[in-house]
Amino acid sequence: LTGFSSVVMQEVLMMNKYGILADLPPKISNTAEPWLVGYNAESMINWQFDTDAEGKKILTRMVLEEEYGETKEDDRFTVTDKKQWRVLELVTKELADADIEEMKDPPEILFDPGQTNVYRVQIWRAKRDMKGAEGASAKADEFSLEDQYIPTFRGAAMDTIPFVIVTSIEED
C-alpha cells in the first residue's frame, strides 16, 4: 500500500489527477474481496457526475482506457497489446434487469427494494489497431462490446461506482 500511495502522490503532483477503482471479480462470490486498481490521468477518457436528491455530487459514468494481452492463434507464446475501454456507469434497475436477462448464464443478484441505480461494467475492445488514435481521440464506433456484467458485493448489486478521482483541486 505504501508503494501504491507513492504512485498516487507522484501522479497527482505531475498530472493533478489519478483514479482509483475498488475492483471486484465479474463472477458473484460471497468471499471475494475488492482490490485497488490505479489509473493515470491519460487513461481517464471521460466521466460524468450528477447530483442526487440530497444535493451530493455522484459519479455516474467513467470511461477508462486499458491494455490487454491477446495471444496469437498460431503462436501461443506471442502476446500483442490491444486497447480496450472499461465503462463504469450507473444504470436504472430496469436496464440492469434487461442486461441480466440477456446474459448466457444469468447470476442471482440481490437488489435493495428501494434501489434505483445499479453499477454496471462494460468492456469495449478496439476493432482494429488503434495506433495514432489514443485516448479521447478514439471514436466509440471503433470499439465493439466484448463483455458486460453487474458487479456485486456479497451477492448484492451496488448502487455507486467504486471509483474516486484524486486531485489537488476541486473540479467536475
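Above: the structure in question.
Procedures and definitions
Residues numbered from 1 in each chain as written. Predicted model: local features only at pLDDT ≥ 70, side-chain atom pairs only at ≥ 80, totals over all residues. Heavy atoms only, no water. Helix = DSSP H or I, 4+ residues; strand = E, 2+ residues; numbered from the N terminus. Buried < 20%, exposed > 50% of the residue type's maximum accessible area, 1.4 Å probe, protein only. Contact = heavy atoms within 4.5 Å. Salt bridge = Lys/Arg side-chain N within 4 Å of Asp/Glu carboxyl O. Expected span 1.5 Å × (residues − 1). Arc of directions from axis to C-beta. Core = buried A, V, L, I, M, F, W, Y, C linked by side-chain atoms within 4.5 Å. Pairing = 2+ DSSP bridges. Axes fitted to C-alpha atoms, helices over the stretch in contact; angles between N-to-C directions.

*Asks:* Sorry if this is basic, but what is going on with the overall build of the chain here?
*Replies:* When its secondary structure is counted, the chain shows two helices and 10 strands. From first element to last, N terminus to C terminus, the chain shows the α and β order α-β-β-β-β-β-α-β-β-β-β-β. Looking at the chain residue by residue over its 172 residues, the buried ones come to 37%. Counted over contacts in the chain with a minimum sequence separation of 6, partners at least 24 positions apart contribute 59%.

*Asks:* What is the right way to read the pattern of salt bridges from this model?
*Replies:* Two side chains carrying opposite charge are able to pair once their charged atoms lie near each other. Taken as a whole and judged by the stated rule, the model has nine salt bridges. A salt bridge links Lys83 to Glu65; its shortest N-O distance comes to 3.8 Å. Placement of the pair is Lys83 in strand E5 (residues 75–92) and Glu65 in strand E4 (residues 57–72), with a sequence separation of 18 residues. The partner of Lys82 in a salt bridge is Glu70, with the nearest N and O atoms 3.5 Å apart. Taken together, the positions of Lys82 in strand E5 and Glu70 in strand E4 put the pair 12 residues apart, joining distant regions of the chain. With a relative accessible area of 31%, Lys82 lands in the partly exposed category. Here the salt bridges share partners, and the residues they tie into one network are Arg61, Glu89, Asp99 and Arg120.

*Asks:* Looking at this model, I keep getting lost on helix H1 (residues 2–15). Mind explaining?
*Replies:* Counting along an α-helix, one turn takes 3.6 residues, and residues three or four places apart therefore face a common direction. For H1, spanning 14 residues, the distance from its first C-alpha to its last is 20 Å, which sits close to the expected 20 Å at 1.5 Å a residue. All buried positions along H1 are accounted for by Val8, Glu11 and Val12. Relative to the axis of H1, the buried residues are bounded by an arc of 100 degrees and lie together on one face. For H1, the exposed residues lying more than 90 degrees away from the buried face are Thr2, Leu13 and Met14. Looking one or two residues past H1, Asn16 carries a phi angle of roughly 65 degrees, positive in sign.

*Asks:* Explanation requested: the nonpolar core in the structure shown.
*Replies:* A general tendency of soluble globular proteins is for nonpolar side chains to be buried together. By size, the foremost hydrophobic cluster in this structure holds 17 residues, and its most contacted members are Met62, Leu64, Leu88, Tyr119, Ile161 and Phe163. Broken down by secondary-structure element, the contributors of at least two residues to this core are E4, E5 and strand E6 (117–126).

*Asks:* I keep staring at the sheet that holds strand E1 (residues 18–23) and nothing clicks. Help me out?
*Replies:* Consider a sheet: its strands pair through backbone hydrogen bonds, and that pairing is either parallel or antiparallel. Spatially, three strands are ordered E2-E1-E10 in an open sheet, and the strand pairing comes out antiparallel. Sheet topology places strand E2 (35–40) and strand E10 (163–166) at the edges, where each strand pairs with a single neighbour. Between one strand and the next, the sheet's axes are offset by a mean angle of 25 degrees, whatever the strand orientation. Pairing analysis gives six bridges linking E1 to E2, with the strands arranged antiparallel. Following the sheet pairing, Tyr18 is matched in E2 by Asn40.

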